[in-house]
Structure formats: structure tokens, C-alpha cells
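Commentary on secondary and tertiary structure
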Amino acid sequence: MRPLRILGWVLLAGAVVALVPDILRSARAGTIDTQPIGAMWYALSPGSLIRAQAWVQAFIDPAVWNRGIFPLLTMPAWVPTGFLGVVFLLITRRRAHRH
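Small disclaimer: the values here were computed from a predicted structure and weren't measured.

The subject of this paragraph is the packing of aromatic side chains. Under the counting rule described, the total for this entry stands at one aromatic pair. Between Trp-55 and Phe-59 the ring centres are 5.8 Å apart and the planes differ by 40°, which places this aromatic pair in the tilted class. Within this pair, Trp-55 and its partner Phe-59 are both found in helix H3 (residues 46-60), separated by four residues, close to a single helical turn. Residue Phe-59 is classed as exposed on the basis of its relative accessible area of 62%.

Structural data, given as C-alpha cells:
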């Protein structure tokens, strides 16, 4: 469980790192301006995003990409990252011993 707990903290930290520029950009623009996780992925490694899409559509089902993965990629980067971080931290939390 320890690796999942560490992963949870890393994901939560990543969400904060992704949230700060969104807040600054939004404050500067005077409106909500967020960076989708798909745009960040494309900026870091466009080929891997394109290969992932092609693989899912060819070997699983195009509907999985269109109705499942694509909507996630349009979310602000901190939303799915933070959500997964919180989930991992909740699953691995230490429970108080009852006497």
C-alpha cells in the first residue's frame, strides 16, 4: 500500500502544480482560463498522444476513446490528477485502532 500512498501524494502535488498557472492565467485574463490535460500531454509528447488514440481506437473500440478518454483529456489538468491523488490517499489512509 505504501507505493500507492506515495503515488497519491505525487498526484496531489502535480494537481497543485497544474492549478497554480491556471489560477494566475485566470486572474490575469479576468475569466476562467484552464489548461486541459490533453493539451499538456500534447505539448510534452504529441506522438505518444496520437499513438495512444490510434491504439485505443484500433484495438479496443473507438467509442472508448470518444466517450471515455477524450472527455477526460478536455478537463483541466488538475481535476483528474487531484481526483486520483485523493482516491489513492483515501484507499491507503491509516485507520485509528479501536480499543
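Structure shown, so let's carry the discussion forward.
This brings us to the side chain of Ser-26. Looking at the element boundaries, Ser-26 is found in helix H1 (residues 2-29). If we ignore the near neighbours within four places in the chain, the residues touching Ser-26 are Thr-31, Ile-32 and Asp-33.

Attention now goes to a nonpolar patch on the surface. A cluster of nonpolar residues, Met-1, Leu-4, Ile-6, Leu-7, Val-10 and Ile-91, forms a patch on the protein surface that exposes about 540 Å² of accessible area. The element that contributes the greatest number of residues to the nonpolar patch is H1, accounting for four residues. As for its position among the elements, Leu-4 is in helix H1.

Before going further, it helps to spend a moment on the pattern of salt bridges. Scanning all chains against the criterion turns up two salt bridges. Taking the shortest distance from any N to any O, the salt bridge between Arg-25 and Asp-22 comes out at 2.3 Å. Placement of the pair is Arg-25 and Asp-22 together in helix H1, with a separation of three residues, close to one helical turn. The salt bridge partner of Asp-33 is Arg-25, with a shortest N-O separation of 3.5 Å. Each of Asp-22, Arg-25 and Asp-33 takes part in a single network of salt bridges with overlapping partners.

Here Met-40 lies in helix H2 (residues 37-44). Remark: the alpha-carbon pair of Met-40 and Pro-76, spanning 36 residues in sequence, is separated by 9.6 Å.

Moving on to the side chain of Thr-81. Locating Thr-81 in the fold gives a position in helix H5 (residues 78-91). Note on Thr-81: relative accessible area 17%, which makes it buried. Looking at Thr-81, its side chain comes within polar contact range of the main-chain oxygen of Ala-77, at 2.8 Å. Excluding anything up to four places from it in sequence, Thr-81 contacts Leu-11, Gly-14, Ala-15 and Ile-37.

How two helices pack is summed up by the angle between their axes together with the distance between the axes. Where H2 contacts H3, the two axes come as close as 5 Å, and the packing angle between them is 120°. Classified by the interaxial angle, the pair formed by H2 and H3 is oblique. Taking contact as the criterion, the partners of Gly-38, Trp-41, Tyr-42 and Leu-44 in H2 are, on H3, Pro-46, Ser-48, Leu-49, Ile-50 and Ala-52. Tallied by class, residues from the contact of H2 with H3 come to seven nonpolar, two polar and no charged.

Cut-offs applied
Residues numbered from 1 in each chain as written. Predicted model: local features only at pLDDT ≥ 70, side-chain atom pairs only at ≥ 80, totals over all residues. Heavy atoms only, no water. Phe/Tyr/Trp six-rings, centres within 6.5 Å; stacked < 30°, edge-to-face > 60°. Helix = DSSP H or I, 4+ residues; strand = E, 2+ residues; numbered from the N terminus. Buried < 20%, exposed > 50% of the residue type's maximum accessible area, 1.4 Å probe, protein only. Contact = heavy atoms within 4.5 Å. Patch = residues over 30% accessible without salt bridge, like charges linked within 9 Å, V, L, I, M, F, W, Y side chains within 5 Å. Areas by Shrake-Rupley, 256 points an atom, 1.4 Å probe, with all protein chains shown as cover. Salt bridge = Lys/Arg side-chain N within 4 Å of Asp/Glu carboxyl O. Polar contact = N/O pair within 3.5 Å; in protein donor to acceptor, adjacent residues only side chain to side chain. Axes fitted to C-alpha atoms, helices over the stretch in contact; angles between N-to-C directions. Parallel < 35°, antiparallel > 145°, perpendicular 65-115°, else oblique. Nonpolar A, V, L, I, M, F, W, Y, C, P; charged D, E, K, R; others polar.

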